[in-house]
Amino acid sequence: MSEARYRPGERVRVMKAYPLGHVRTPYYIRGHTGTIERVCGAFPNPEELAQMRDGLPPQPLYRVRFLQKDVWPDYRGSAKDVLEVEIFQHWLEPA
Amino acid sequence: MTDKGKYQPLSYFQLMEVSLRELLVEKGILSEEEIAQEVETMRQRGYQRGSRVVARAWLDESFKKKLLANGTQACEELGLEIPALKLVVVENTAEVHNAIVCTLCSCYPRVLLGIPPEWYKSRNYRSRMVREPRAVLKEFGLNVPQKIQVRVHDSSADMRYMVLPMRPAGTEGWSEERLAALVNRDCLLGVAVPKGPND
């Protein structure tokens, strides 16, 4: 298992990358900065699984919390509103 | 609707499903019977299992703590069969309202709550719930005051989500069964809140 590199509370940026294939990182969140909410555990890499490979070693998976107003500049609602998305470690970099 | 026997070609995904099912049977991996049985089991699961979990959490503080820390383990302790489910339970409070969506496909805690409603799988809900959640909730008849934080959970990978709503006022002394009856499917997804006798 790959070691979890980030801890709850740490700031991270989702990589702005556009690889082909089966990717579980929603398009709209790429390039945005958020905070680690929790470490969910480690799971086989879905991008590898989709290619009929074993996806091992399992990759750490995080829940990352983003402020809605950071994700959508014209967001209408409370400035406190947030969005939480599951992101695999290889899609994150320190912010 | 009356069936006039009009020929309808199979869609791409219907054809894929039939092909896969026939191959599994031909190769002896599954029998027709086993497939029919599993479909039946899926149909029989209902959201009421989730309502029961909520009612228990309202009545039992230590169960609630366990549920929020490890949803899967807590449900298993109640004797619920939830194979392979990695459940995260998110709690509504006076400050936070939670809602669930899956923007990439339509991930849903099926083994706990059964088959998702059609709207949960619609492009409309999936795209707008992360973009303008308050407007979407309003369309469901739920006005969340600005002072309450809306927290939307995009179920984008391996975890599945359920909302633990707030217990309505005026339900002191109610039995688990009576409380569970207040919690419908929409409350478990965060597009509604349970209504008590005072609402």
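Everything numeric here is computed off the predicted structure, so don't read it as measured data.

Enquirer: Just checking my understanding: could you explain the overall build of chain A for this structure?
Expert: Helix and strand counts for chain A stand at two helices and five strands. Expressed as lengths along the three principal axes of its C-alpha atoms, the size of chain A is roughly 45 × 30 × 20 Å. Counting only residues that meet the buried cut, chain A has 32% of its 95 residues in that class. For chain A, the share of sequence-separated contacts (at least 6 apart) that also reach a separation of at least 24 residues comes to 58%.

Enquirer: Could you clarify how one ought to interpret the confidence of the model for chain B in this entry?
Expert: As a note on interpretation, predicted positions should not be read in detail where pLDDT is low. Overall, the prediction assigns chain B a mean pLDDT of 95, with 98% of residues at 70 or greater. Across the assembled chains, the prediction reports ipTM 0.96 with pTM 0.91.

Enquirer: Any chance you could explain the nonpolar core here in plain terms?
Expert: Residues A:I87, B:V54, B:A99, B:V101 and B:L188 are the most contacted members of the largest nonpolar core, which totals 62 residues. Excluding residues that lie within four positions of it along the chain, B:L188 makes contacts with B:Y47, B:G50, B:L113, B:M162, B:V163 and B:V183.

Enquirer: Help me out: how do you make sense of the domain arrangement of chain B in this one?
Expert: It is common to give the size of an interface as the accessible area lost on bringing the parts into contact. With domains assigned, chain B is organised as domain 1 (12–44) and domain 2 (48–189). On a C-alpha basis, the centroid separation for the pair domain 1 of chain B and domain 2 of chain B is 30 Å.

Enquirer: Got a minute to help me understand helix 3 (residues 48–59) of chain B in this structure?
Expert: One turn of an α-helix holds 3.6 residues; hence residues three or four places apart share an orientation. Residue and element names in this part refer to chain B. The end-to-end C-alpha separation of helix 3 is 17 Å, in line with the 16 Å expected for twelve residues at 1.5 Å each. When helix 3 is considered as a whole, its buried residues turn out to be R49, G50, S51, V53, V54, A55, A57 and W58. Buried residues along helix 3 sit against helix 4 (61–69), helix 5 (71–77), helix 6 (110–113), strand 4 (160–164), helix 10 (176–180) and helix 11 (185–189).

Enquirer: Can you walk me through helix 1 (residues 12–26) of chain B in this structure?
Expert: All names here are of chain B. If you check helix 1, its first and last C-alpha atoms are 21 Å apart, about what 15 residues at 1.5 Å a residue would give, namely 21 Å. Within helix 1, only zero of the 15 residues are buried, which leaves the element largely exposed. One or two positions beyond helix 1, positive phi appears at G28, with a value near 75 degrees.

Enquirer: Just to check I follow, could you spell out the interface of chain B and chain A for this structure?
Expert: At the junction of the two partners, chain B supplies 17 residues and chain A supplies 19 residues. Among the elements of the structure, helix 8 (123–131) and strand 3 (149–154) of chain B are those that each provide at least two residues to the side of chain B that touches chain A. It is strand 3 of chain B that provides the largest number of residues to the side of chain B that touches chain A, a total of six residues. For the side of chain B that touches chain A, the per-class residue count stands at six nonpolar, five polar and six charged. In the sheet, strand 4 (residues 82–88) of chain A pairs with strand 3 of chain B via four bridges, with the strands oriented parallel. When the bridges of strand 3 of chain B are listed, A:L83 appears paired with B:V152.

Enquirer: Which parts of the structure should I look at to understand the sheet that holds strand 3 of chain B?
Expert: Through backbone hydrogen bonds, the strands of a sheet pair up, either in parallel or in antiparallel fashion. Strand order in the open sheet formed by seven strands is 5(A)-1(A)-2(A)-3(A)-4(A)-3(B)-2(B), and the pairing between neighbours is mixed. Of all the strands in the sheet, just strand 5 (92–94) of chain A together with strand 2 (96–101) of chain B have a single pairing partner and so form its edges. Across the sheet, the mean angle separating the axes of adjacent strands is 35 degrees when strand polarity is ignored. Contacting strand 4 of chain A together with strand 2 and strand 3 of chain B, helix 8 of chain B crosses the sheet at an angle of about 150 degrees to strand 2 of chain B.

Enquirer: Which parts of the structure should I look at to understand the packing of helix 3 of chain B against helix 4 of chain B?
Expert: Pairs of packed helices are described in terms of their axes, by the angle between the two and the distance that separates them. All names here are of chain B. For the pair helix 3 and helix 4, the least separation of the axes is 5 Å and the interaxial angle reads 125 degrees. Here helix 3 lies oblique to helix 4, going by the angle between them. Two secondary-structure elements touch here, helix 3 through V53, R56 and A57 and helix 4 through F63, K64 and L67. Tallied by class, the residues present in the contact of helix 3 with helix 4 amount to four nonpolar, no polar and two charged.

Cut-offs applied
- Residues numbered from 1 in each chain as written.
- Chains lettered and ligands numbered in written order.
- Predicted model: local features only at pLDDT ≥ 70, side-chain atom pairs only at ≥ 80, totals over all residues.
- Helix = DSSP H or I, 4+ residues; strand = E, 2+ residues; numbered from the N terminus.
- Buried ≥ 20, exposed ≤ 12 C-beta atoms within 10 Å, placed from the backbone.
- Contact = placed C-beta atoms within 7 Å.
- pLDDT = per-residue confidence, 0-100.
- Core = buried A, V, L, I, M, F, W, Y, C linked by C-beta atoms within 7 Å.
- Domains from an automatic or database assignment.
- Expected span 1.5 Å × (residues − 1).
- Nonpolar A, V, L, I, M, F, W, Y, C, P; charged D, E, K, R; others polar.
- Pairing = 2+ DSSP bridges.
- Axes fitted to C-alpha atoms, helices over the stretch in contact; angles between N-to-C directions.
- Parallel < 35°, antiparallel > 145°, perpendicular 65-115°, else oblique.

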